[in-house]
Amino acid sequence: MNTAIFSAKKYDREFLNAANGARHELRFFEPHLNEETVSLAAGFEAVCVFVNDQMNAAVIATLESLGVRLIALRCAGYNNVDLSAAKKHGITVVRVPAYSPYAVAEHTIALMLALNRKLHRAYNRVREGNLALDGLVGFDMHGKIVGVIGTGQIGTVVAQILTGFGCPILAFDPFPNATCRFLGVRYVDLNELFAESDIITVHCPLTPENKHLINGQALEKMKNGVMLINTSRGALLDTIVITEGLKSGRIGYLGLDVYEEEEDIFFEDRSGLILSDDVFARLLTFPNVIITGHQAFFTREALLNIAATTIDNITKFENNQPLENMAG
Ligand code: NAI
């Protein structure tokens, strides 16, 4: 199929071209897909998109008018697609539901450990010849209660790893799973999870209902000095409230791989530019905050799986075969 790949980076070309061989005609575009760039999709039957492309109703209506029949997400989350508009316009939406829960789960643990043992600060100090330990005191992970919100594929691997550390796990998920129960994870309501956890990590999809799941009321219920980790989607946290929580000391540590307004910031080298997002700029000033730029998925294994599944999804659609990876 003639496919336009949006938000394309060097690694997208490399992995998608390798998985594709000569099966589909792939054309790579660097811009995000949105209302301003949608005309680039003219002449293509499929578009292939990523986390910060915007498939709202207007974009989808235009895609249909241009002859596009398939949106192939090369990611798991589909909060950026108006699925009802896609249905209305007869456009099929497929995704990559699982490519490596280990990649995201292991990055989540990396953030926890780096924040706890202050590796980001130690790294800089040692390079400058400062081997003093003042200010670097951490805590044993062993015995700390971790609250996992969303125990799907990623949350389950997070729980598995943390069980190895000797952390009691509390979880909240409308659909508890047997693997977690077998591990000894205790499912509780959100209020109990907020109140009891030393570390809270978010692994549920972003939906209109759970936007700002971690808001002011949630924060009030949490332990003083709680560690918050979000490798899921930025808008699950109310970032302004989180910033206030950091200022007051209520939040002791914050690890983010995602950010509410990441669309205009992430995935680009902006080192020579002025940062116009004041909330993001403020977050960067805290010594107890580590932010990575949506890189939790970014392992070789995950990229191979994403490319293979994406090409397979497009092939199955083209051949009218059953699609097991429909979004929704
Ligand atoms: P999954 O679909 O396997 O699991 C999601 C779980 O969340 C399900 O068990 C579901 O019942 C639960 N859930 C749904 N709404 C909830 C709510 N309001 N509160 C608590 N639990 C809720 O998804 P998976 O693969 O584990 O991914 C989770 C999220 O991680 C994705 O939706 C995506 O946003 C994010 N992600 C981030 C990546 C990164 O690079 N930072 C890469 C891949 C995924």
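Look above for the structure.
Procedures and definitions
Each chain carries its own residue numbering, running from 1 in the written order of its sequence. In keeping with the predicted nature of the model, local features appear solely for residues at pLDDT of at least 70, side-chain atom pairs appear and are counted solely at 80 or more, and the whole-chain, interface and lining totals rest on all residues. With hydrogens and water excluded, all non-hydrogen atoms of the structure serve as input to the side-chain values. One heavy atom within 4 Å of a molecule or strand makes the whole residue count as near it. In the analysis that follows, any N or O atom pair within 3.5 Å is treated as a polar contact, provided that within protein one partner can donate a hydrogen and the other can accept it, and provided that, for residues neighboring in sequence, both atoms belong to side chains. Computed with the Shrake-Rupley method and a 1.4 Å probe, the accessible areas treat only the protein chains shown as cover for residues. Throughout, the protein atoms alone are placed on a 1 Å grid, and a set of points is a cavity if a 1.4 Å probe fits but cannot get out or a pocket if it is open with protein on both sides within 12 Å along at least five of seven lines; lining residues have an atom within 4 Å of a point. Cavities and pockets are treated as containing a molecule whenever more than half of the molecule's atoms lie within 2 Å of their grid points. For this classification, Asp, Glu, Lys and Arg are treated as charged, while Ala, Val, Leu, Ile, Met, Phe, Trp, Tyr, Cys and Pro are nonpolar and the rest, including Gly, are polar. Here a salt bridge means any side-chain nitrogen of Lys or Arg lying within 4 Å of a carboxyl oxygen belonging to Asp or Glu. Under the scheme used here, helices are H or I runs from DSSP no shorter than 4 residues and strands are E runs no shorter than 2 residues, and both carry numbers assigned from the N terminus. Only protein chains enter the accessibility calculation, which uses a 1.4 Å probe; a residue whose area is less than 20% of its type maximum is buried, one above 50% is exposed, and one in between is partly exposed. The nonpolar core is taken to be a set of buried Ala, Val, Leu, Ile, Met, Phe, Trp, Tyr and Cys residues, with the residues joined through side-chain atoms within 4.5 Å. Here, two residues are considered to be in contact whenever any of their heavy atoms come within 4.5 Å of each other. For this analysis, a ring pair means two rings from Phe, Tyr or Trp (six-membered ring only for Trp) whose centres lie within 6.5 Å, classed as stacked if their planes differ by under 30 degrees, edge-to-face if by over 60, and tilted for the remaining angles. Structural elements are reduced to axes, namely lines fitted to C-alpha atoms, with helices fitted over the stretch in contact, and the angle between N-to-C directions of any two is expressed from 0 to 180 degrees. Angular relationships are summarised with four words: roughly parallel below 35 degrees, roughly antiparallel beyond 145, roughly perpendicular across 65 to 115, and oblique for the angles in between. Crossings are assigned a handedness: left-handed for a near helix turned anticlockwise from the far helix by less than a right angle, right-handed for a clockwise turn. Two strands form a pair only when DSSP identifies at least two bridges running between them. Crossover handedness is defined by viewing with both strands directed away from the observer: a clockwise path from the first strand over the helix to the second marks the crossover as right-handed.

*Asks:* Could you give an account of the site of the ligand, naming the residues involved and the relevant values?
*Replies:* As a matter of local geometry, the ligand sits amid 23 residues, with Y99, Q153, I154, D173 and T231 nearest to it. D173 places a side-chain nitrogen or oxygen 2.6 Å from an oxygen atom of the ligand. For the ligand, whose accessible area on its own is 870 Å², the fraction buried by protein is 83%. The site holding the ligand turns out to be the largest pocket. For the shell around the ligand, a count of residues per class yields 11 nonpolar, 9 polar and 3 charged.

*Asks:* Explain the pattern of salt bridges residue by residue, including any values.
*Replies:* Taken as a whole and judged by the stated rule, the model has 8 salt bridges. With a closest N to O distance of 2.7 Å, K9 and E268 form a salt bridge. Highlighted residues: K9 in the loop between β1 (2-5) and α1 (10-20) and E268 in the loop between β11 (251-256) and α11 (278-283), separated in sequence by 259 residues. Residue class for E268 comes out partly exposed when judged on its relative accessible area of 43%.

*Asks:* Explain the nonpolar core to me, using residue names and the numbers behind them.
*Replies:* With 43 residues, the main nonpolar core has L33, V47, L63 and I71 as its most contacted residues. With 5 residues, helix α12 (residues 300-318) is the largest single contributor of residues to this core. Contact partners of L33, with chain neighbours within four places excluded, come to F6, S7, V38, V47, V49, D53, Q54, M55, V59 and L63. Of all hydrophobic cores here, the second largest spans 32 residues; its members include L193, I214, A235 and F266.

*Asks:* Summarise the packing of aromatic side chains; cite the residues concerned and give the values.
*Replies:* The geometry of an aromatic ring pair comes down to the distance between the two centres and the angle between the two planes. Within the structure shown, the criterion is met by 9 aromatic pairs. Relative to F29, the ring of F6 lies with its centre 5.6 Å away and its plane at 25°, an arrangement referred to as stacked. You can see F6 sitting in the loop between β1 and α1 and its partner F29 sitting in the loop between β2 (25-28) and β3 (46-49), a full 23 residues away along the chain. The class of F29 is buried, set by a relative accessible area of 10%. An angle of 65° between the planes, with centres 6.0 Å apart, marks the rings of F266 and F280 as edge-to-face. Highlighted residues: F266 in the loop between β11 and α11 and F280 in helix α11, separated in sequence by 14 residues.

*Asks:* Outline the packing of α1 against α12, listing residues and values.
*Replies:* The angle between the axes and the distance between the axes are what describe a pair of packed helices. Two elements in contact, α1 and α12, have axes whose closest approach is 8 Å; the angle formed by their N-to-C orientations is 50°. Accordingly, the angle class assigned to the pair α1 and α12 is oblique. Our pair here, α1 against α12, has a crossing hand that is right-handed. Where α1 approaches α12, its residues F15, L16, A19 and N20 are matched on the opposing element by R300, L303, L304, A307, A308, T310 and I311. Residue composition of the contact of α1 with α12, by class: 8 nonpolar, 2 polar and 1 charged.

*Asks:* Give a description of the pairing of strand β7 (residues 169-172) that names residues and reports values.
*Replies:* Two strands pair when backbone bridges link them, and strand β6 (residues 146-149) and β7 are joined in this way by 4 bridges, in the parallel orientation. Residue pairing in the sheet places G147 in a bridge with L170 of β7. For the crossover from β6 across helix α6 (residues 153-165) to β7, the handedness is right-handed. Taken together, the 2 bridges between β7 and strand β8 (residues 186-187) define a ladder with parallel strand orientation. Bridge pairing in β8 links A171 to Y187. Between the parallel elements β7 and β8, the chain passes through helix α7 (residues 178-183) in a crossover that is right-handed.

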